[in-house]
Every structure is written in C-alpha cells, then in structure tokens.
Amino acid sequence: MATDTEFGDLSNLSFVLNKPSDVTFETKPKPTIQSPYDVLVKVNYTGICGSDVHYWVHGAIGDFVVKDPMVLGHESSGTVLKVGDKVASVKVGDRVALEPGTPCRRCTPCLSGHYNLCNEMKFAATPPYDGTLTGLWCSPEDFCYKLPEHVSLEEGALVEPLAVAVHIVKQAEVKPGQTVVVMGAGPVGLLCCAVAKAYGASKIVSVDIQPSRLEFNETFAATHTFTPERVSAEENAARLLKETDMPGGADAVIDASGAEPSIQTSIHVVRRGGIYVQGGMGKPDITFPIVALCVKEVTCKGSFRYSSGDYKLAVELVASGKVDVNKLITGKVKFEDAEQAFSDVKAGKGIKILIKGPNEKET
Amino acid sequence: MATPLTNPAVYLYGPGEAKIEESPYPTITDPHEVILRIAYVGVCGSDVHFWKHGGITNKVSHAQPLIMGHEASATVHSIGSSVASLKPGDRVAIEPGRPCRRCKPCKSGVYNLCTRMEFAASPPYSHGTLRKFFTMPEDFCYKLPDSMGLDEGVLVEPLAVAVHAARLADVKARQDVVVFGAGTVGLLSAAVASAMGARKVVSVDINEKRLAFAKDFAATETFFSPKGSTAESIADSIKGQNSSLEGFDTVLECTGVEMCIDAGIQVLVSGGTCIQIGLGMPKVHFPIVALSSKEITMKGCFRYGAGDYEMAMHLLESGKVNLKKLITGVKKFEEVTDAWEATARREGIKTLIKGPEE
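Quick caveat: nothing in here was measured; it's all calculated off a predicted structure.

*Asks:* In this structure, what is going on with the overall build of chain B? I would like to understand it.
*Replies:* Helix and strand counts for chain B stand at eleven helices and 18 strands. Computed over its C-alpha atoms, the radius of gyration of chain B comes to 21 Å, within 12% of the 21 Å expected for a compact globule of 358 residues. Seen through its principal axes, chain B has C-alpha atoms that stretch 65 × 40 × 40 Å. Counting across all 358 residues of chain B, residues that qualify as buried make up 56%.

Structure representation (structure tokens):
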C-alpha cells in the first residue's frame, strides 16, 4: 500500500511554470500506481524542447494555454521503482525511455492506429497536464521502453526527439536510394537526417542559416549542406538543386524549421510526384505556393509527435548504433539549474541540454 | 413453477449438449461500459460448428461450458458514468469483441488481431451473447437508425465482415468482382462490392436457390458450379461468360473450399487481388506459380476492425444495402438448438434467436 513513507527517501521536487518567465521549484505529491498496468519511474534525465521554451516565454502554444501552474518537460528517461500486478515487460530496476503522452485508447483515431491524434490525449507539459521535470513519474507499461544494457540513461532521454524524427521520416516514405532535403538543423532536423540515412537515403541535404549547425551535421548525418540567402524561394531552390546535383528535385523534403521561407522553398525543391512533410511548427498561417504543389502533384503531409512503433524503432536505432544521439548532448545540468538551462536553449546555445532529475546524485 | 432466472443463458457443454441456465447478473466494472438487454442473436456457420463439434480451435467442456452467440442486437439497459453517446432505451448493434487496447496490433489500428482479444463465444472463458443481459464497452455499441428493426440489427455483424473484406480489397469504382459463396457473408460481400462501385459482381455457388436470391439481392450475374467441376472448369466458364474481360480485378472468397480458392486465383487478371474470408480446411492445394507469375495480391481477412462497423451502419442508413430480406426465420430463446439445426441443414439464409422474454 502506497503511503507517504514509500519512496520516502526520494524527492518529488518539480520545475513548475506559473506564468510566462515565472518558474519555481516545488515539491509535489508523489504519483502512485493507479492501475495494474502502471509503472512508477524515477526520472533520471530530461531534455529541453523548443516547445518547453515556448511555454516558458509565452505561456501558450496555439489553443493550448497555461492557465494553472504546470510542471514542464517531456523528453525523459528513468528507472523503474515499482510495477502494477499485470506488468510483464519491465521490472524494478530497469532503465527506460518514457513516451510522455497517454491516449484514451477508445476514440476513432486511437482505434485506427493513430493514437498521436487522440481526441483526449494527456500529454506531459501540454496544459493542463504536468510534465516530467519532476522526481517520480507514473506511466502505463506500454509507454515505457526498456533500454538495453549498453544504452545510457542520457541516450534514453534523446529517444523522444528521435521518435519525432522517426515519425516524420515514415510520413516521408523514404526508401533506399532516395534523395532527401531537411530544412532546419536543430535537434529534430539533425535527427531526421540521421533517420533518413538509416532508411537508406543516398543524398541527405541539410539546410540552415546557422553555419555551426551545418558544420556539425557534416560529420553527423548529412551528405550535403546548404545555406539559403535572402532571395526568393524559387531562387534558393534552384541553387540548392544545382549545388547538390538534383536537377529533377528531391524525392522527399522535410521541414523541421516551421519558417515560412523554408516551407516555400521546400515546395520548389521537391520533385514532381514527391512527398513534403511538415514537421516544424512556426507561424500558424503562411503564404504557400499552392499552384506549384498542384501542378507538380506533390503529396503534402503533416506530422505530429509519434505513434505506433515509432518509439520502439527509435530505441533500436540507438541500440544498434545507427543513430549516435550522444553527439547531440552538449550539456548536462543539475535539476536546480533548470532555469539557466532554459535560458541557454532559448539563446540557441548547444544542441541538446539535459537536466538531471532531482534525485540524481552528483558524481 | 421454478424461480425465474435473472440472467438466463444458453451454455454449450459439448457437441450436441446445450442447456439454458442461470448466468452471473452483470455489473458495470468500468465507467465506459454499458449493460445491454439482448434482443436478437443470429446463427453463424461457426455456431453450427460448435454445436456439432464442441468448438473450432479450443473446445467447450463440462468443466468449462460456454455461453454461445456473437451476432447480436440489444437495447441499452444501463450505462457507466463515463458513457456519453448512449442512454438507456437506445437500440444498438453490437461489435462483440473486446480488444485489450494496449498491445501492438491494438495500437497500430488492427485491433481485430489483438493478442488478448475477448471475442464472444470463445472457449474457455469469453462468454457470448445468448443471454438476457450482456456488458460491452460503449465504443463497441452502434445506435440503430429509427428505420431499422432490432432484428436487422443482428445482420450488421456479418455486414461488417463483408465491409472489412471489401476494404481490404480496396474495391474501386467500375472494377469487376467475383464472389465465391452465396451464403450470408457472400451475399453481403456482393452487396458491399456493388455499393463501392463495382461494375460486374459475379456470385458463385453450388446451390441454385441461393444464386437466384443473389441475383435479386446484389449480384449482376451468377455462376452455378455443377457436380464434377474443377477449379479450371469453373474459372474457364466464368471467364467464358465474360469473354470481353481478360480476367477479374478482385475475388472475395467466402467459402473456404479448396476448389474455389484455386478457381479464384485463376479467374483474376494479372495484378488482381484475392481476399480470403471463408474458413475451411486449414491446408489446401494451391496454385502458387499462378499467384507468383500473375503478381496477384492475396490477403487474409479476419472479422472486422477500425471503421468497418461505421461503414456498415452508413450502408444501411443510406439504403445502399437492405438486410431485411436475409432474415428467413426467427426462433424463441428456448428453441435455440432448433435454430442451429436449421442452419446446419442450410435452411433459408439467416435464422435469428429471440432474446429471453421478460
């Protein structure tokens, strides 16, 4: 029976957003096992995502508005503390990657294999649901993925953005030998390049305005890089295709930037009959080259978070060494330094900064 | 006079051995559940198999008797606290399998393949719908339109089987389709193919009465397969009747009979698709080289999954498929074994069993 003394030696200190730019550390009540399928986990590491920073700065993303204080964070790894009676795939002590969204399992999207589009998704750090920048976290068994022995907890925290990239590349239907262009070389853009490589793409062109990011990607996953200029989308596209020797256009173009000029350029870069995937989120409404889409018979698809099979594949990509997520980790900070880490991410420092859980011992 | 049973149910103890006995009165254990008062239960070929052999893969036994029945309609008796789309008194068609919602098939949109599916009337523990009260999750109960009777509501289940098959085949407008078998599933498969825009729908059977019904119900033409037929003679004759075609685009195989499966592959045009719905012998003699060299796509088809009941309800509400004609007999609850025997004798098309009276 769970009492206050169960896991009494563990802290449930949490990083709470009260309103924009107002964050505090608070001890929250420890979560407990509610269902025989639940797993209670001690959070080891949490990565910071652009969305976390956005809530911190603006207090809202689109229709999702932070009305009450909310714990931030959703990219986490942890260690299993306790399991419900029916849990079979993980046991106490196992290290896991956490998939931070619990769908209802009953609505039409859930039943048809698109649980990422669940009508009643409870997603960590999307209001009103608390996130994982906390001590203890309770998850359904099927959203906890055991990490193989040789995969570290730090790498485990990168599984979440990698799963986002997996979902995007699956939407793009990348096949061996195809050519892929990825707009944006932030963590998701970088990981999309890596996943495209794992899917056998022969050319992977990374596009960004920051030279340091492109330089990094040259040794990470890209075969080519491209820096756009302040010219029209058509002109940037034409130069990109010339410099990368893709006269007919790229088979698949992925936007991981959300930036209007990148989206416009993408439609001019993709080949006739190709696929364009919108992964990045920026301005809600933009000017879009609709006639080019039509005449070139481009398939344009949205991509949102991750769904069936994506997390499992992400863990395998890390475990097999096909994607070296370690290279993206540029900082690890103590839980108490979380706010500084958020500032650093906002300032564009590094690639992925991890925040240690409040129960991590200093080494 | 014995005390009336609170939840009378038909238990099968073994081949030829069924009894009406008390079953546990249901309680709502999950806020998303509803308790249903069963109105009608249909008889399926699988029920007949259970009656004659005690089961298919797993068998019933004296130690573990099983409540039979899976094709059912009902009225809502009571609802759990989270139920929003149904209220007591609503008339519904039932999708009689509870998936676990957690395994890989469930989460990837093929819950019909759930590793822990609890399907009505599956030995040893998953009891069926031949009882007064039955519990189901809300999302597996479908409100019947006012124009549809509770008796017709039973046929939504086999219609969903046909919908699942036609969707797997991805029947497109103006395609030519052959349906093997003119039993309930074959008739409904022909009707769904037609509703999806098929041009020719050829219904094949060995029973002339069923073929006459098929022609009236959904098929554009029929083919009677006489005694002494071979797969080649069947395929050649069907193609002969349609000499302007190179072959057919889609085959919906609803018999499970080896000769029909073989003929199906032969009657297809190169690049065609065959959907295997019928269940017969586990292993059959199969024209594998024809499949290979004609680049045929063959898919298994099992029950129904995401979106099938919804499409079945749409076909009924819009009048594209009419089910009343398929009901050829209604028996009282106490006459359940008569209903199974009648179906075994291939009497009529669909025989229904009424739920227990008050």
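The rest of the description comes next.
*Asks:* How should I be thinking about the domain arrangement of chain A in this particular structure?
*Replies:* Accessible area lost during the coming together of the parts is what is often quoted as the interface size. Residue and element names in this part refer to chain A. Entries for chain A in the domain assignment read domain 1 (5–157 + 324–356) and domain 2 (165–302). One C-alpha centre belongs to domain 1, the other to domain 2, and the line joining them spans 29 Å. Every contact between the two is made by eight residues of domain 1 and, on the other side, eight residues of domain 2. In total, about 660 Å² of surface goes out of reach between domain 1 and domain 2, with carbon and sulfur atoms giving 70% of it. If you sort the residues of domain 1 by the area they bury against domain 2, Lys327, Leu328 and Ile351 come out on top, with a joint share of 62%. Counting the contacts that link domain 1 with domain 2 gives zero salt bridges. Between the two partners, domain 1 and domain 2, sit zero residue pairs in polar contact (both at pLDDT 80 or more). The class makeup of the residues in the side of domain 1 that touches domain 2 is three nonpolar, two polar and three charged.

*Asks:* Looking at this structure, how should I read the pairing of strand β11 (residues 176–180) of chain B?
*Replies:* On any regular strand, side chains alternate: one points to one face of the sheet, the next to the other face. Residues and elements named next belong to chain B. With five of five residues buried, β11 is to be regarded as a mostly interior element. Burial along β11 is two-sided: the face carrying Asp176, Val178 and Phe180 and the face carrying Val177 and Val179 are both buried. Taken together, β11, helix α5 (residues 184–195) and strand β12 (residues 200–205) form a β-α-β motif whose crossover is right-handed. Bridging between β11 and strand β14 (residues 248–253) involves four bridges; their strand directions are parallel. Bridging from a neighbouring strand, Val177 pairs with Thr250 of β14.

*Asks:* Would you explain the domain arrangement of chain B in this entry?
*Replies:* Residue and element names in this part refer to chain B. Domain annotation of chain B identifies domain 1 (8–155 + 323–354) and domain 2 (161–300). For domain 1 and domain 2, the distance between their C-alpha centres works out to 29 Å. Between domain 1 and domain 2, the residue contacts involve nine residues of the former and eight residues of the latter. Among the residues domain 1 hides against domain 2, the three largest losses belong to Lys325, Leu326 and Ile349. Together they make up 58% of the total. Joining domain 1 to domain 2, the criterion identifies one salt bridge. The partner of Lys325 in a salt bridge is Asp216, and the shortest N-O contact between them spans 3.5 Å. Connecting domain 1 to domain 2 are two residue pairs in polar contact (both at pLDDT 80 or more). Taken together, the residues that form the side of domain 1 that touches domain 2 break down as four nonpolar, two polar and three charged.

*Asks:* What is the right way to look at the confidence of the model for chain B in this model?
*Replies:* In low-pLDDT regions, the fine details of the predicted coordinates are not to be read closely. Averaged over chain B, the pLDDT score is 95; the fraction of residues at 70 or greater is 99%. The complex prediction reports pTM at 0.90, with the ipTM value standing at 0.83.

*Asks:* What should I look at first to understand the UniProt feature "domain: Alcohol dehydrogenase-like N-terminal" (unreviewed entry) in chain B in this one?
*Replies:* As annotated in UniProt, the feature "domain: Alcohol dehydrogenase-like N-terminal" (unreviewed entry) corresponds to residues 31–146 of chain B in the numbering used here. As annotated, residues 31–146 of chain B comprises 11% helix and 32% strand, and the C-alpha atoms at either end are separated by 27 Å.

*Asks:* Quick question: what am I supposed to make of the UniProt feature "domain: Alcohol dehydrogenase-like C-terminal" (unreviewed entry) in chain B here?
*Replies:* In the numbering used here, UniProt assigns the "domain: Alcohol dehydrogenase-like C-terminal" (unreviewed entry) feature to residues 185–317 of chain B. A helix fraction of 44% and a strand fraction of 22% characterise residues 185–317 of chain B, whose end C-alpha atoms lie 19 Å from each other.

*Asks:* What should I look at first to understand the sheet that holds strand β2 (residues 22–27) of chain A in this one?
*Replies:* Strand pairing in a sheet takes place through backbone hydrogen bonds and is either antiparallel or parallel in direction. All names here are of chain A. Across the sheet, which stays open at both edges, the three strands sit in the order β2-β1-β6 with antiparallel pairing between neighbours. At either end of the open sheet lies a strand with only one pairing partner, and these are β2 and β6 (70–71). Here strand β1 (residues 13–19) runs beside β2; their pairing, made up of six bridges, is antiparallel. Within β2, the residue paired with Val16 across the bridge is Thr24.

*Asks:* Even after reading the chapter, I still don't get the sheet that holds strand β1 (residues 8–14) of chain B, so can you show me in this structure?
*Replies:* Residues and elements named next belong to chain B. Taken in spatial order, the three strands make up an open sheet running β2-β1-β4, and their pairing is antiparallel. Where the open sheet ends on each side, the last strands, each with one partner, are β2 (17–22) and β4 (66–67). Across six bridges, β1 lies against β2 in antiparallel orientation. Bridging across to β2, Leu12 finds its partner in Ala18.

*Asks:* What exactly am I supposed to notice about helix α4 (residues 156–169) of chain B here?
*Replies:* Quick reminder: α-helices carry 3.6 residues per turn. Residues three or four places apart thus point the same way. Residues and elements named next belong to chain B. If you check α4, its first and last C-alpha atoms are 19 Å apart, about what 14 residues at 1.5 Å a residue would give, namely 20 Å. With twelve of 14 residues buried, α4 is to be regarded as a mostly interior element. Turning to α4, its buried residues are Val156, Glu157, Pro158, Leu159, Ala160, Val161, Ala162, Val163, His164, Ala165, Ala166 and Ala169. After α4 finishes, the residue Asp170 shows a positive phi value of roughly 50°.

*Asks:* Can you walk me through the environment of B:Ile28 in this structure?
*Replies:* Residues and elements named next belong to chain B. With respect to the secondary-structure elements, Ile28 resides in the loop between β2 and β3 (33–42). Here Ile28 falls in the partly exposed class, since its relative accessible area comes to 30%. The spacing of Ile28 and Thr135 is 107 residues in sequence and 7.5 Å in space, taken between C-alpha atoms. With residues near it in sequence (within four places) discarded, Ile28 still touches Glu33, Ile35, Ser78, Ile79 and Gly80.

*Asks:* For this particular structure, what's the right way to read the nonpolar core?
*Replies:* Looking at soluble globular proteins, one finds that nonpolar side chains tend to be buried together. In terms of nonpolar packing, the biggest core is built from 55 residues, with A:Leu162, A:Val180, A:Leu191, A:Phe220, A:Ile254 and A:Val323 touching the most fellow members. Contributions of two or more residues to this core are made by α3 (153–157), α4 (159–171), β13 (179–183), α5 (187–198), β16 (250–255), β17 (270–278) and α10 (310–319) of chain A. Among the elements that make up this core, the one with the highest residue count is α4(A) (eight residues). Residues from two domains meet in this core; each of domain 1 (5–157 + 324–356) and domain 2 (165–302) of chain A gives at least three. When near neighbours in sequence (up to four residues on either side) are disregarded, A:Leu162 contacts A:Leu191, A:Val195, A:Ala314, A:Leu317, A:Val318, A:Val323 and A:Val325. B:Val161, B:Ala193, B:Val201 and B:Ile277 belong to the second largest nonpolar core, which has 54 residues in total.

Rules used throughout
- Residues numbered from 1 in each chain as written.
- Chains lettered and ligands numbered in written order.
- Predicted model: local features only at pLDDT ≥ 70, side-chain atom pairs only at ≥ 80, totals over all residues.
- Heavy atoms only, no water.
- Helix = DSSP H or I, 4+ residues; strand = E, 2+ residues; numbered from the N terminus.
- Rg over C-alpha atoms; globule rule 2.2 N^0.38 Å.
- Buried < 20%, exposed > 50% of the residue type's maximum accessible area, 1.4 Å probe, protein only.
- Domains from an automatic or database assignment.
- Contact = heavy atoms within 4.5 Å.
- Buried area = accessible area lost by both parts, 1.4 Å probe.
- Salt bridge = Lys/Arg side-chain N within 4 Å of Asp/Glu carboxyl O.
- Polar contact = N/O pair within 3.5 Å; in protein donor to acceptor, adjacent residues only side chain to side chain.
- Nonpolar A, V, L, I, M, F, W, Y, C, P; charged D, E, K, R; others polar.
- Right-handed = clockwise from strand over helix to strand, strands pointing away.
- Pairing = 2+ DSSP bridges.
- pLDDT = per-residue confidence, 0-100.
- UniProt positions renumbered as here; feature names shortened; annotations may be inferred.
- Expected span 1.5 Å × (residues − 1).
- Core = buried A, V, L, I, M, F, W, Y, C linked by side-chain atoms within 4.5 Å.

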